[in-house]
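Structural features, examined
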Amino acid sequence: MAIRIVRENGDEILRKRSREVEVVDEKIKQILADMVETLHSYNGVGLAGPQIGLLKRLVVIDLYDEKGPIKLVNPKIVKQKGEQEVEEGCLSFPNQFAKIIRPAEVIIEALDENGKKIKIKGEGLLAQAISHELDHLDGVLFVDKIIPGTLEYVTPENEKQK
Ligand code: NI
């Protein structure tokens, strides 16, 4: 396992569309394991392929609950419902947070790390995370969806003054 470097705002790979994974093999499994390790090292909730410089439709999400890290290959939203206004950030935009509208509920289909078909229903934070990470696979970033006037820069220094 290895921690990968997370690409940041301005890196053009973040704007590119990722390709479908054709074969879920040991190499893909290894990449997903690295993505989880990287996610945990940044205390993040989600990470997508392009963020580690790979244009592959791979996503990991961890809400640090009983569901554990979720590893997704070629995830697709098959249904979404409702809206929620959420506070959001992104590992590729350190210290930046803004309000966004995300679906309240999503149902996705994907393959797991063994190439098995899975279906996941997400509500609340999980729906938000899924929507955010799947956007990355199409080169869409949270800054594209900010509710005007809500972008904030929060650094450890100015957070203390709040
Ligand atoms: Ni992100």
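Details of the structure are given in the entry above.
Structural notes, computed from the coordinates. (Residues numbered from 1 in each chain as written. Predicted model: local features only at pLDDT ≥ 70, side-chain atom pairs only at ≥ 80, totals over all residues. Heavy atoms only, no water.)

Focus on helix α1 (residues 26–41)
In this model α1 runs 23 Å from its N-terminal to its C-terminal C-alpha over 16 residues, within 8% of the 22 Å that 1.5 Å per residue would give. Every buried residue belonging to α1 is among Ile28, Ile31, Leu32, Ala33, Asp34, Met35, Val36, Thr38 and Leu39, and all of these are buried. Elements that come into contact with the buried residues of α1 comprise β1 (46–48), β2 (58–61) and β3 (70–81). (Helix = DSSP H or I, 4+ residues; strand = E, 2+ residues; numbered from the N terminus. Expected span 1.5 Å × (residues − 1). Buried < 20%, exposed > 50% of the residue type's maximum accessible area, 1.4 Å probe, protein only. Contact = heavy atoms within 4.5 Å.)

Here we look at the sheet that holds β2
Taken in spatial order, the 5 strands make up an open sheet running β1-β2-β3-β6-β7, and their pairing is antiparallel. Across the chains shown, the open sheet's two edge strands, defined by having one partner strand only, are β1 and β7 (117–123). Here the average twist between neighbouring strands, direction ignored, is 40°. As paired elements, strand β6 (residues 105–111) and β7 share 7 bridges and run antiparallel to each other. Paired with Glu109 across the strands is Lys119, a residue of β7. Along the sheet, helix α2 (residues 124–136) contacts β1, β2, β3, β6 and β7; its crossing angle with β7, the most-contacted strand, is approximately 120°. (Pairing = 2+ DSSP bridges. Axes fitted to C-alpha atoms, helices over the stretch in contact; angles between N-to-C directions.)

Looking at the nonpolar core
With 16 residues, the main nonpolar core has Ile28, Leu32, Met35, Leu47, Leu58, Val60 and Val73 as its most contacted residues. Broken down by secondary-structure element, the contributors of at least two residues to this core are α1 and β2. What Leu47 contacts, discounting residues up to four positions off in sequence, is Val6, Met35, Thr38, Leu39, Ile52, Leu58, Val59, Val60, Leu91 and Glu133. Leu72, Ala129, Ile130 and Leu137 belong to the second-largest nonpolar core, a separate cluster that totals 15 residues. (Core = buried A, V, L, I, M, F, W, Y, C linked by side-chain atoms within 4.5 Å.)

Let's talk about the coordination of the nickel ion
Listed as protein donors to the nickel ion are Cys90 (SG), His132 (NE2) and His136 (NE2); their distances from the metal cover 2.0 to 2.2 Å. Along the chain, the residues that donate to the nickel ion are spaced as C-x41-H-x3-H. Here Cys90, found in strand β4 (residues 84–90), pairs with His136, found in helix α2; they are 46 residues apart in sequence, far enough to count as distant. (Donors = N, O, S within 2.8 Å, 3.2 Å for Na, K, Ca; no water.)

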